[in-house]
Amino acid sequence: MVSIHPYPLFPHRKARCESCVFLGFLLFFTGFSFFPVTSALETTVGKINTFEVLNGTDFILPCNFGTCIGFENLLFRWYFETNTTRDRLLEATIKAPGTEPRITFTKNDRIKFAGDSKKKNISILLENMDFEDSGKYICFVKNPTEKDAKHESVVTVNVVDKCG
């Protein structure tokens, strides 16, 4: 009976290979990966995300999105968040790059789309800001092209009597 060694010419490879298998299992079960895990979909409101706004003025809530693999029928929403609820302000869909959004919901006439979807800008304008408008605003995006990947960013607004 002839015994065939799996590494006849390179006996040192056997030990190295078994070590690699063990190391691979160890890395897999501890959650470590050699490949960085990134989300291709992202929203951003810029470097500054807290603003003081003068009572009675109009204010643009900034938001841009980015995607590495493109989009089709991208959904975006703006919310106003209090301690207990998320109140939807605006909802729209962008069919494809280069097309304008189709706005499907606006809470009231004070809220307007102020972005440029061709530049992936989905900012909104809030007219005649009032003290009750102070709080957190959430820019939310969902991309069906990326298996319904979702991302959101927060803008905090403080409405004041005098900016300073």
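K.L.:
Could you give an account of the nonpolar core, with specific residues and numbers?
P.N.:
One broad trend across soluble globular proteins is that nonpolar side chains are buried collectively. By size, the foremost hydrophobic cluster in this structure holds 28 residues, and its most contacted members are Leu-61, Phe-76, Trp-78, Ile-122, Met-129, Tyr-137 and Val-157. Mapped by element, the contributors of at least two residues to this core are strand S3 (59-61), strand S5 (74-81), strand S6 (86-94), strand S9 (124-126), strand S10 (135-143) and strand S11 (149-160). Aside from chain neighbours lying at most four places away, what touches Ile-122 is Cys-63, Phe-65, Phe-76, Trp-78, Ile-94, Phe-113, Cys-139 and Val-141.

K.L.:
Lay out the packing of aromatic side chains with the relevant residues and their values.
P.N.:
In this structure the tally under the stated criterion is five aromatic pairs. For the ring pair Phe-51 and Phe-59, a centre distance of 5.2 Å and an interplane angle of 55° mean the geometry is tilted. Ring centres of Phe-76 and Phe-113 lie 5.9 Å apart, and the angle between their planes is 45°; on these two criteria the pair is classed as tilted. Taken together, the residues span a long stretch of sequence, with Phe-76 in strand S5 and Phe-113 in strand S8 (residues 111-113) at a distance of 37 residues. Since its relative accessible area comes to 0%, Phe-76 is described here as buried.

K.L.:
Tell me about the sheet that holds S10, residues and numbers included.
P.N.:
Strand order in the open sheet formed by six strands is S2-S11-S10-S5-S6-S7, and the pairing between neighbours is mixed. A single partner strand is all that each edge strand has here, and the edge strands are strand S2 (50-54) and strand S7 (102-106). For this sheet, the mean inter-axis angle between neighbouring strands, taken without regard to orientation, is 20°. Summarising the sheet, S2 and S11 pair through five bridges and their orientation is parallel. Within the sheet, the bridge partner assigned to Glu-52 lies in S11 and is Asn-158.

K.L.:
Would you mind going over the state of the cysteines in detail, with residue names and values included?
P.N.:
Structurally, a disulfide amounts to a covalent bond that connects the sulfur atoms of two cysteines. What the rule picks out here adds up to one disulfide. A sulfur-sulfur separation of 2.0 Å characterises the disulfide bridge that pairs Cys-63 with Cys-139. Its S-S torsion of about -75° marks the bond between Cys-63 and Cys-139 as left-handed, since a negative value means left-handed. Of this pair, Cys-63 sits in the loop between S3 and strand S4 (64-66) while Cys-139 sits in strand S10, and the two are 76 residues apart along the sequence.

K.L.:
Outline the pattern of salt bridges, listing residues and values.
P.N.:
The tally for this structure, following the rule as stated, stands at eight salt bridges. The salt bridge involving Asp-87 is made with Lys-107; its shortest N-O contact spans 2.3 Å. Here Asp-87, found in strand S6, pairs with Lys-107, found in the loop between S7 and S8; they are 20 residues apart in sequence, far enough to count as distant. Residue classification places Asp-87 among the partly exposed positions, given a relative accessible area of 29%. Looking at Lys-107, the relative accessible area reads 42%, which means it is partly exposed. Where Lys-118 meets Glu-100, a salt bridge forms, and the shortest distance between an N and an O atom there is 4.0 Å. Of the two residues, Lys-118 sits in the loop between S8 and S9 while Glu-100 sits in the loop between S6 and S7, which places them 18 residues apart along the sequence. Each member of the salt-bridge network shares a partner with another, and the members are Arg-77, Arg-88 and Glu-91.

Basis of the calculations
Within each chain, residue numbers correspond to sequence positions counted from 1 in written order. pLDDT decides what is reported in this predicted model: residues at 70 or higher carry local features, side-chain atom pairs at 80 or more are listed and counted, and totals for whole chains, interfaces and linings draw on all residues regardless. Side-chain measures here rest on the full set of heavy atoms in the structure, leaving out hydrogens and waters. Only buried residues count toward a nonpolar core. Its members are Ala, Val, Leu, Ile, Met, Phe, Trp, Tyr and Cys residues joined through side-chain atoms within 4.5 Å. Here the term buried applies to any residue with accessible area under 20% of the maximum for its type, exposed to any over 50%, and partly exposed to those in between, with areas from a 1.4 Å probe on protein chains only. Here a strand is any run of E in DSSP of at least two residues, a helix any run of H or I of at least four, and the numbering for each starts at the N terminus. Working rule for contacts: check all heavy atoms of both residues, and any pair within 4.5 Å makes them a contact. Two rings from Phe, Tyr or Trp (for Trp, the six-membered ring) form a pair when their centres are within 6.5 Å of each other. A pair whose planes differ by under 30 degrees is stacked, one over 60 is edge-to-face, and the rest are tilted. Strand pairing follows a simple DSSP-based rule, namely that at least 2 bridges must link the two strands. All axes are obtained by fitting lines to C-alpha atoms, using only the stretch in contact for helices, and the reported angles, taken between N-to-C directions, cover 0 to 180 degrees. Cysteine sulfur atoms that pair up within 2.5 Å are treated as a disulfide. By definition, a salt bridge exists where a carboxyl oxygen of Asp or Glu is found within 4 Å of a side-chain nitrogen of Lys or Arg.

Structural measurements only, silent on function.
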